[in-house]
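Commentary on secondary and tertiary structure
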Amino acid sequence: MPEWLVLTLAMLAACAVVVVITFVRHRAAPEDEDPSETPDVIEYMTMWIGVVYAIVLGLAIAGVWEGRSAAQDHVQAEATALHEISERVRVYPAEERDLIRDDIRTYVSHVVTTEWDSMADKGEVTGRGTELFERIRQDVTDYEPATDFEAQAYQPLLDQVTAASQARIARAESTGETMPGVVWFGLIAGAVITIGMIFALQIRRTTRELVLAGLFSALIAFLLFLIWDFDAPYSRGVTASADPFLNLFPGVGD
């Protein structure tokens, strides 16, 4: 099911629940009930519950967005390190240079096609990707520099391999969901309590109040969806992109 459809259904469902409960409560309310006489303490509690929940939502959104940004940074760092290796081996003999560059392009092609799909569908990198990266590492580390110029380039190349390896490990660790289940429980429970406090204020069945209550519940549903959407950086909605690989290694995804 498309994510925009999930969002639409969630927002409509939140609105419908509030409206239905309001109608049911209005019919079941005693005839002498005066909705204008809401105790001050309930208004005070409702205000603070809304404030606290807004802070929690803001922190959750900031956390998942930071995770998504970090995931994109891992991709950028890995692509940049591999590109540096590809460029710096120009001082090596043609045979060694072409071997390393071919293995890098093979690895990058695997990442942007097969491995990227695996991260989106299974939340993990592939064993084949690990094998291809190890081949690049062996290509660089096993070569013995024949000249002083090659020797000067050798250590920086090893540093770039290490940087690419660290970025790959970080990318693999950030493929899954980042929000613990207990946090989701708190977010959903907080949403129920916050929306439930609307009825503690004795909402009436006027068009204005129904519209405002519906919009309020839809907003909370949207924010929860936003957190869920950002929670898996490589598989939902606004995901981390493979563009750094495609920009630095044109044609590998064709």
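Keep in mind that what you see is a predicted model, and the values were worked out from it rather than measured.

**Things to note about the overall build of the chain**
The secondary structure content of the chain amounts to eight helices and zero strands. Counting from the amino terminus, helix and strand elements in the chain follow one another as α-α-α-α-α-α-α-α. Intrachain contacts of the chain at a sequence separation of at least 6 include 80% that bridge at least 24 residues. With the model as given, the accessible surface of the chain reaches about 13900 Å², and the carbon-plus-sulfur share is 61%.

**Remarks on the UniProt feature "transmembrane region" (unreviewed entry) in the chain**
Following the UniProt record, one finds the feature "transmembrane region" (unreviewed entry) at residues 6-24, 45-65, 182-203 and 210-228. Along residues 45-65, the helical share is 100% and the strand share 0%, with 30 Å between the first and last C-alpha atoms. In residues 210-228, the share of helix is 100% and the share of strand is 0%. The end C-alpha atoms are 27 Å apart.

**Comments concerning the environment of Phe-133**
Inspection of the secondary structure assignment puts Phe-133 in helix α4 (residues 127-141). Considered as a pair, Phe-133 and Tyr-107 are 26 residues apart in the sequence and their alpha carbons are 6.5 Å apart. If near-sequence neighbours (up to four positions away) are discounted, Phe-133 is found in contact with Leu-82, Tyr-107, Val-161, Ala-164, Ser-165 and Arg-168.

**A look at the environment of Gln-155**
Along the chain, Gln-155 turns up in helix α5 (residues 148-173). We classify Gln-155 as partly exposed; its relative accessible area is 43%. C-alpha separation for the pair Gln-155 and Val-140, spaced 15 residues apart in sequence, amounts to 9.8 Å.

**So, the nonpolar core**
Within the largest apolar cluster, 34 residues are counted, with the highest numbers of intra-cluster contacts made by Leu-82, Ile-85, Ile-104, Tyr-107, Val-108 and Phe-245. Going through the elements one at a time, α2 (40-88), α3 (94-122), α4 and α5 are the ones with two or more residues in this core. The leading source of residues in this core is α3, at eight residues. Counting 16 residues, the second-largest nonpolar core is a separate cluster that includes Ala-60, Ile-198, Ala-213 and Phe-230.

**Concerning the pattern of salt bridges**
Oppositely charged side chains can pair when the atoms bearing their charge come close. Tallied over the full model, the rule gives eight salt bridges. One salt bridge in this structure joins Arg-168 and Glu-115, with 2.9 Å as the shortest N-O distance. One end of the pair, Arg-168, is in helix α5; the other, Glu-115, is in helix α3, and 53 residues separate them in sequence. Arg-137 is the partner of Glu-134 in a salt bridge, and the nearest nitrogen-oxygen pair spans 3.2 Å. You can see Glu-134 and its partner Arg-137 sitting in helix α4, three residues apart, about one turn around the helix. One salt-bridge network, in which partners are shared between bridges, spans Glu-78, Glu-115, Arg-168 and Arg-171.

**Here we look at a nonpolar patch on the surface**
Taken together, the side chains of Met-47, Trp-48, Val-51, Val-52, Ile-55, Val-56 and Leu-59 make up a nonpolar region of the molecular surface, amounting to roughly 650 Å² of accessible area. Positionally, Val-56 belongs in helix α2. Overall, Val-56 belongs to the partly exposed group, its relative accessible area being 38%.

**Some remarks on the packing of α3 against α4**
Packed helices, taken two at a time, are described by the angle their axes make and the gap between the axes. Relative orientation of the contacting elements α3 and α4 amounts to 160 degrees, with a least axis distance of 9 Å. Accordingly, the angle class assigned to the pair α3 and α4 is roughly antiparallel. Two packed elements cross with a definite hand, and for α3 against α4 that hand is left-handed. Across from Leu-99, Ile-100, Asp-103, Ile-104, Thr-106, Tyr-107, His-110 and Glu-115 in α3, the residues of α4 making contact are Arg-128, Gly-129, Leu-132, Phe-133, Arg-135, Ile-136, Asp-139 and Val-140. Here the residues of the contact of α3 with α4 sort into eight nonpolar, three polar and five charged.

**Quick notes on α4**
An ideal rise of 1.5 Å per residue puts 21 Å on 15 residues; α4 measures up with 21 Å between its terminal C-alpha atoms. When α4 is considered as a whole, its buried residues turn out to be Gly-129, Leu-132, Phe-133, Ile-136, Asp-139 and Val-140. Here the buried residues of α4 occupy an arc of 110 degrees about the axis, which is enough to place them on one side.

Thresholds, definitions, all that
- Residues numbered from 1 in each chain as written.
- Predicted model: local features only at pLDDT ≥ 70, side-chain atom pairs only at ≥ 80, totals over all residues.
- Heavy atoms only, no water.
- Helix = DSSP H or I, 4+ residues; strand = E, 2+ residues; numbered from the N terminus.
- Contact = heavy atoms within 4.5 Å.
- Areas by Shrake-Rupley, 256 points an atom, 1.4 Å probe, with all protein chains shown as cover.
- UniProt positions renumbered as here; feature names shortened; annotations may be inferred.
- Buried < 20%, exposed > 50% of the residue type's maximum accessible area, 1.4 Å probe, protein only.
- Core = buried A, V, L, I, M, F, W, Y, C linked by side-chain atoms within 4.5 Å.
- Salt bridge = Lys/Arg side-chain N within 4 Å of Asp/Glu carboxyl O.
- Patch = residues over 30% accessible without salt bridge, like charges linked within 9 Å, V, L, I, M, F, W, Y side chains within 5 Å.
- Axes fitted to C-alpha atoms, helices over the stretch in contact; angles between N-to-C directions.
- Parallel < 35°, antiparallel > 145°, perpendicular 65-115°, else oblique.
- Left-handed = near helix turned anticlockwise from the far one by under 90°.
- Nonpolar A, V, L, I, M, F, W, Y, C, P; charged D, E, K, R; others polar.
- Expected span 1.5 Å × (residues − 1).
- Arc of directions from axis to C-beta.

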